[in-house]
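This is what each chain is made of:
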Amino acid sequence: MSMQQLKETMELLHKGGAVPLNVVEAVNDLLEKVGQQPELWECPGCGFTYDACHEDIDPATGEGNGNHTCPLCELIDVDREQDRLRKALGDALKLMDKKFYGMAHKNLVEALGQEGEGNQ
Ligand SMILES: [Zn+2]
């Protein structure tokens, strides 16, 4: 039953004398609330959706800046970054084992220099 149908049914029941007016009004109020769907923001990356009123906070003003960050994609990004750094460290340790300190240093510096890449 759609909301409109429910409304009409309540009206009919009320006219037939079965449902008191205050009950009809309460149902109508409730239906109106239910009908007020929040505006949703959908992540273009993964499709995760949440209430668009939760905007990113601008550190300068402390207020929403109109942008949205997907918490799921953010987690995936952090995971990826950790994996990358761990791999770079592993590679550097292997090189140091072979006393290739120069190469190990170069790898580490490169890994650190790429920090945040892919977030743009
Ligand atoms: Zn996402």
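Located above this text is the structure these notes cover.
Chains are numbered independently. Their residues run from 1 in the order of the written sequence. Only residues with pLDDT of 70 or above have their local features reported here, since the model is predicted, and side-chain atom pairs are shown and tallied only from 80 upward, although totals for entire chains, interfaces and linings are computed over all residues. Note that water and hydrogens are dropped before the side-chain values are worked out from all heavy atoms of the structure.

1. Some details on the overall build of the protein
Here is step 1 of the chain: Looking only at helices and strands, one finds 4 helices and 2 strands in the protein.
Here is step 2 of the chain: Strands here are runs of E lasting at least two residues and helices are runs of H or I lasting at least four, both read from the DSSP assignment and numbered beginning at the N terminus. Listing every helix and strand of the protein by position from the N terminus yields α-α-β-β-α-α.
Here is step 3 of the chain: The quantity called the radius of gyration is restricted to C-alpha atoms. Its globule counterpart is 2.2 Å times the number of residues to the power 0.38. Its C-alpha atoms give the protein a radius of gyration of 28 Å, more than 25% over the compact-globule value 14 Å for 120 residues.
Here is step 4 of the chain: Here the C-alpha coordinates of the protein stretch approximately 95 × 35 × 20 Å along the principal axes.
Here is step 5 of the chain: Taking as baseline every contact in the protein between residues at least 6 positions apart, the subset at least 24 positions apart corresponds to 28%.
Here is step 6 of the chain: His is not counted, nor are the chain ends; Lys and Arg add positive charge and Asp and Glu add negative charge. Throughout, a charge is located at the NZ atom of Lys, the CZ atom of Arg, the CG atom of Asp or the CD atom of Glu. A gap of 14 Å separates the mean positions of the 11 positive and 22 negative side-chain charges of the protein. We call two residues in contact whenever any of their non-hydrogen atoms come within 4.5 Å of each other.

2. Focus on the coordination of the zinc ion
Here is step 1 of the chain: Because water is not among the atoms used, a metal site may look incomplete, as its donors are only the N, O and S atoms within 2.8 Å, or 3.2 Å for Na, K and Ca. Coordination sphere of the zinc ion, protein contribution only: C43 (SG), C46 (SG), C70 (SG) and C73 (SG), at 2.3 to 2.4 Å.
Here is step 2 of the chain: Given 4 donor atoms and angles of 103 to 117° at the metal, the environment of the zinc ion is assigned as tetrahedral.
Here is step 3 of the chain: The sequence pattern describing where the donors of the zinc ion fall on their chain is C-x2-C-x23-C-x2-C.
Here is step 4 of the chain: Each residue's exposure class comes from its accessible area (1.4 Å probe, protein chains only) as a fraction of the maximum for that residue type: buried when under 20%, exposed when over 50%, partly exposed otherwise. Judged by relative accessible area, which is 40%, C46 ranks as partly exposed. Irregular is the default label, applied whenever a site is not tetrahedral (four donors, all angles between 85 and 135 degrees) and neither square planar nor octahedral (four or six donors, opposite donors over 155 degrees apart, all other angles between 65 and 115).

3. A few points about a nonpolar patch on the surface
Here is step 1 of the chain: A patch is a set of surface residues, each over 30% in relative accessible area and not in a salt bridge, joined within 9 Å for like charges and within 5 Å for the nonpolar side chains Val, Leu, Ile, Met, Phe, Trp and Tyr. Each accessible area is a Shrake-Rupley estimate made with a 1.4 Å probe; only the visible protein chains count as cover when residues are assessed. Here, a salt bridge means any side-chain nitrogen of Lys or Arg that lies within 4 Å of a carboxyl oxygen of Asp or Glu. Taken together, the side chains of L89, L93, M96 and Y101 present a nonpolar region at the surface, about 380 Å² in accessible area.
Here is step 2 of the chain: The biggest single contributor to the nonpolar patch is helix α3 (residues 71-97), with 3 residues.

4. Topic: the side chain of D56
Here is step 1 of the chain: Turning to its location among the elements, D56 is positioned in the loop between β2 (49-51) and α3.
Here is step 2 of the chain: At 2.6 Å, the side chain of D56 and the side chain of T69 are in polar contact.
Here is step 3 of the chain: D56 has contacts with E63, G64, N65, N67, H68 and T69, leaving out every residue within four places of it along the chain. Whenever two N or O atoms come within 3.5 Å, that pair is a polar contact, provided that in protein one can donate a hydrogen and the other can accept it, and provided that, for residues adjacent in sequence, both atoms are side-chain atoms.

5. Some details on the packing of aromatic side chains
The relative placement of two aromatic rings is captured by the distance of their centres and the angle of their planes.
Here is step 1 of the chain: Stacked, tilted and edge-to-face are the three classes assigned to paired rings of Phe, Tyr and Trp, where Trp is represented by its six-membered ring and a pair needs centres within 6.5 Å; plane angles under 30 degrees give stacked, over 60 edge-to-face, the rest tilted. Tallying each qualifying case throughout the model produces 2 aromatic pairs.
Here is step 2 of the chain: Ring geometry for W41 and Y50: centres 5.2 Å apart, planes at 50°, overall tilted.
Here is step 3 of the chain: Through a chain of ring-to-ring contacts, the aromatic side chains of W41, F48 and Y50 assemble into a single cluster.

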